[in-house]
Amino acid sequence: MDQIKITFLGDVMCQGPFLKAFCSEDGYDFGPVFAQMKEVFSESDLVVGNLETPITDDYEELTKERYCFCSPKEFARAAYDAGITCVSTANNHCMDRGRKGISDTIRCLDEIGFAHTGIFEKGRREERREPLILSVGGVSVGVMSYTYGTNAFSNHQYLKKGDRYCVNLFQNQELPDPVSRFFFRRRKQIPGILKKLYSLANPVQAALPVFERRYPSKTRERYLLEDVRGMKERKPDLILFCMHSGGQYNEEPNRYTRHLASLLAGQGIQIVIGNHEHVVHGCDLSGIERNQFTAWCLGNFSGLAGVTREPFDKMSEYSVACSLYIGKQDKRIRKVGCRVLKSVPYQDTQGACTVPAYQLIQRETEPEKRRQLIRDMTAVASRFCGRQISSADICDEYAAWEAGDTK
């Protein structure tokens, strides 16, 4: 083969009900979550996912709250055994178990054999951190991962000075100063007149949910650009950047996400893969002739949204496996592939497993259910590819773009 295939997944999540659904006599068996994806993964030279949870081998640390995660090592092991071999770890849940959770996650992933980047044991800027560069079929691929925040407003886990760079952050953690934290935590008791004054003084921020507000940091941005330069000095053939940014279930990337993607493209990053919104967005093919590509959001690879939990009207049970076919000689993107996936209930439990939508269509015997699956799959594929795909045109993987395409 004169090309390699790199496949990117959305948020790999293990929500609380998964713990009960996949509990076995010997601990946990999460194999069913990934089992029906093994064949898909085997077609790729590298499979990259966003690991949206800390990992531990201490069962006392596991998820107890709906929005504060921690998953057993067996979950990561099952993902690795299925064929996901590289994970982005910089996301808004990476500090749900604080500094210890970072150390536990790194240790567990290293023991399993995962390639990973985004969180680090070393927390001081001056400490040397080697960039992640992988050899993929003879092509050297640099992998970077950054997040907009760490849910600090919710999990109350703030990085101390000596640990400040354990997480790759685009900006400061949410509510970075004690005063803003004080008012946020007591927002229900604050008199209406004070809220009105705040909204007048900060109209843009006040109009946004806290996890979409901006906490700019010139220092963080400078270090981001230094990291990019450091990666480029190693001269990998390609640099792919996992960008965790956005809001919750928005239909389009927000202004800040677009700003970040533009900033990265301007630095010469070839591939930017976005996640966090939990629904599929489109992709940006405007730079494809310059060998640059951006996927705004791939959705939830695994999760309960749209399956057993709201929202049920956002198609959040669907995600996309985005595959880039890259020439070994010229290191250029030759094709962008899009395979629609769906999270479905696992037996009679509150868990879920992920299945290619095409396979679900082939198995479905009830005509109306089959038609609905086709409508859903082609709608998601149309959204990602940026063109209308007919319900009559059903296939396992769609081409969002291919070399020689004049569209």
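About the cut-offs
Sequence positions are assigned chain by chain, starting from 1 and proceeding in written order. The model is predicted, so local features are restricted to residues of pLDDT at least 70 and side-chain atom pairs to those at 80 or more, both for listing and for counting; the totals for chains, interfaces and linings are taken over all residues. Only hydrogens and water are removed before side-chain values are computed, so all heavy atoms of the structure are retained for them. Think of it in three bands: with a 1.4 Å probe and only protein chains considered, a residue is buried below 20% of the maximum accessible area for its type, exposed above 50%, and partly exposed in between. Elements are defined by DSSP. Helices are runs of H or I of four residues or more, strands are runs of E of two residues or more, and each kind is numbered from the N terminus. Two strands qualify as a pair provided that DSSP identifies no fewer than 2 bridges between them. Here, a salt bridge means any side-chain nitrogen of Lys or Arg that lies within 4 Å of a carboxyl oxygen of Asp or Glu. Each Phe, Tyr or Trp ring, with Trp reduced to its six-membered ring, pairs with another whose centre is within 6.5 Å; inter-plane angles below 30 degrees give stacked pairs, above 60 give edge-to-face pairs, and intermediate values give tilted ones.

Peer 1: Quick rundown of the pairing of strand 1 (residues 3-12)? Include the residues and the values.
Peer 2: Among the ten residues that make up strand 1, nine are buried, leaving the element largely enclosed by the rest of the structure. Sheet analysis places strand 1 next to strand 16 (residues 318-327), joined by six bridges and oriented antiparallel. Within strand 16, the residue paired with Ile6 across the bridge is Leu324. Pairing of strand 1 with strand 4 (residues 46-51), which is carried by five bridges, proceeds in the parallel orientation. Bridge assignment links Asp11 to a residue of strand 4, and that residue is Asn50. Note: strand 1 against strand 15 (residues 300-302), two bridges, orientation parallel. Within strand 15, the position partnered with Val12 by the bridge is Ser302.

Peer 1: How would you explain the pattern of salt bridges if you had to name every residue and give the values?
Peer 2: The full count for this structure, using the stated rule, is 25 salt bridges. With a shortest N-O distance of 2.9 Å, Arg125 and Asp227 are connected by a salt bridge. In this pair, Arg125 is assigned in the loop between strand 8 (115-117) and strand 9 (132-136) and Asp227 in helix 10 (residues 218-233), connecting sequence segments 102 residues apart. By relative accessible area, Arg125 is classed as partly exposed at 22%. For Glu252, the salt bridge goes to Arg258, with nearest N and O atoms at 3.8 Å. Through salt bridges with shared partners, a single network forms among Asp57, Lys73, Lys100, Asp104, Arg107 and Glu111.

Peer 1: Any details on the packing of aromatic side chains? Residues and values, ideally.
Peer 2: Inspection of every chain in the model, using the stated rule, returns 15 aromatic pairs. Aromatic pair Phe22 and Phe30: ring centres 5.7 Å apart, planes at 45 degrees, arrangement tilted. Of the two residues, Phe22 and Phe30, neither departs from the other in class, the shared state being buried. Relative to Phe30, the ring of Tyr28 lies with its centre 5.7 Å away and its plane at 15 degrees, an arrangement referred to as stacked.

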